[in-house]
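# Descriptive analysis of the structure
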Amino acid sequence: MTDVQPESILVQVTFAGDDGAPLTDVIRNQQDVLEVLDFALFLTHGDVVRWTNGGGRGQIRLARLDHGTPVTMDLELVMSGGLGLTHADALAGVTAAGTVLLTAAGSVRGDAAVDTPDRSARQTATDAEKHVVEAMERVAYDARGTDMAWRIREAEEQTVTSPEGTTGKGLRFVRAAGRLARRDGFDFRVE
């Protein structure tokens, strides 16, 4: 993994490459990873603390991108002391998001072992999203009695699009995580 600042967290995401993928798919994969990390930082301290500390959550920096086989993304989460974001809390949020992703990916791989040829792409996507929600519920249950559990439950409730067209953070995460969980060779590591 890439060297990072001591107050940072490094996340490495890998998945099987697709040599024929158009640039829009490559960018969408990166956006999905960023959406998951944004959700992880939300789990760290939620919107109330964010607003109290001036609206920030820290920064997500792309430290390295290798679009080979496998695709490897190293992302650095930089803690910003003035924003109320502590390393330990951010690490807990990133770890929770990673657990959700890896649990969902394991379930998706289990589905693939018994996959039927008549399943549509939409059914496969819907099933992956259901696995993400189930994994969120498991992580929230394991964290019961903590702010982390409350934030996961809050995100689960934000699964609608507002009248202004804004998609809720829970729905954005579930969709992004569902797409990532379906990627062959998916892995999510935190350093």
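Higher on the page you've got the structure.
Cut-off values and rules
- Each chain has its residues counted from 1, following the order in which its sequence is written.
- Owing to the predicted nature of the model, reporting of local features is limited to residues with pLDDT of at least 70; listing and counting of side-chain atom pairs is limited to 80 or more, with chain, interface and lining totals taken over all residues.
- Based on all heavy atoms of the structure, the side-chain values leave hydrogens and waters out of the count.
- Here a Phe, Tyr or Trp ring, Trp counted by its six-membered ring, pairs with any other such ring whose centre lies within 6.5 Å, and the pair is stacked when the planes are under 30 degrees apart, edge-to-face when over 60, and tilted otherwise.
- Helix numbering and strand numbering both begin at the N terminus, where a helix is a DSSP run of H or I of at least 4 residues and a strand a DSSP run of E of at least 2.
- Only protein chains enter the accessibility calculation, which uses a 1.4 Å probe; a residue is then buried when its area is under 20% of its type maximum, exposed when over 50%, and partly exposed in between.
- When the NZ atom of lysine or the CZ atom of arginine is within 6 Å of a ring's centre and also within 35 degrees of its normal, the charge is said to sit over that ring.
- Two strands make a pair as long as DSSP finds a minimum of two bridges between them.
- By this rule the span expected of a helix is its residue count minus one, scaled by 1.5 Å.
- Fitting a line to C-alpha atoms yields each axis, with helices limited to the stretch in contact; the angle taken between N-to-C directions then spans 0 to 180 degrees.
- Helix crossings fall into two classes, left-handed where the near helix is turned counterclockwise from the far one by less than a right angle and right-handed where it is turned clockwise.
- Contacts are assigned to residue pairs that have any heavy atoms within 4.5 Å of one another.
- Any residue outside Ala, Val, Leu, Ile, Met, Phe, Trp, Tyr, Cys, Pro, Asp, Glu, Lys and Arg is labelled polar, Gly included; the first ten of those are nonpolar and the last four are charged.

### What to know about the packing of aromatic side chains
Overall, the coordinates contain two aromatic pairs when judged by the stated rule. Geometrically, the ring pair formed by F39 and F42 is tilted, given 6.4 Å between the ring centres and 35° between the ring planes. Taken together, the residues span about one helical turn, with F39 and F42 both in helix α1 (residues 23-52) at a distance of three residues. The residues F39 and F42 share a single accessibility class, namely buried. Both rings, one in F39 and one in F173, keep their centres 3.9 Å apart while their planes meet at 15°; by these two values the pair is stacked. You can see F39 sitting in helix α1 and its partner F173 sitting in helix α5 (residues 169-181), a full 134 residues away along the chain. Using a relative accessible area of 3% as the deciding quantity, one classes F39 as buried. Taken together through their ring pairs, the aromatic side chains of F39, F42 and F173 make up a single cluster. Residue placement shows R144 over the ring face of Y141; its charged tip is 4.2 Å from the ring centre.

### Notes on the pairing of strand β1 (residues 8-15)
Where burial is concerned, most of β1 is hidden: eight out of the eight residues are buried. Judged by which residues are buried, β1 turns out to be covered on both faces: S8, L10, Q12 and T14 on one side and I9, V11, V13 and F15 on the other are all buried. Here eight bridges tie β1 to strand β3 (residues 71-78), and the two strands are oriented antiparallel to one another. Looking at β3, one finds that V13 is bridged to M73. Across four bridges, the pairing between β1 and strand β4 (residues 187-190) is antiparallel. Bridging across to β4, Q12 finds its partner in R189.

### As for α5
In this model, α5 (13 residues) spans 18 Å end to end at C-alpha, consistent with the 18 Å of a helix rising 1.5 Å per residue. The element α5 is extensively covered by neighbouring structure, given that 10 of its 13 residues are classed as buried. Taken together, the buried positions of α5 are occupied by K169, G170, L171, F173, V174, A176, A177, G178, L180 and A181.

### Things to note about the packing of helix α3 (residues 121-142) against α5
Viewed as axis vectors pointing N to C, α3 and α5 meet at an angle of 115°, and their least axial separation amounts to 8 Å. Handedness of the α3/α5 crossing: right-handed. Contacts from A128, E129, V132, V133 and M136 of α3 reach α5 at F173, V174, R175, A177 and G178. Grouping the constituent residues of the contact of α3 with α5 by class yields seven nonpolar, one polar and two charged.

### Comments concerning the side chain of H131
With respect to the helices and strands, H131 occurs in helix α3. Dropping the residues within four chain positions of it, H131 is found in contact with A104, S107, V108 and D111.

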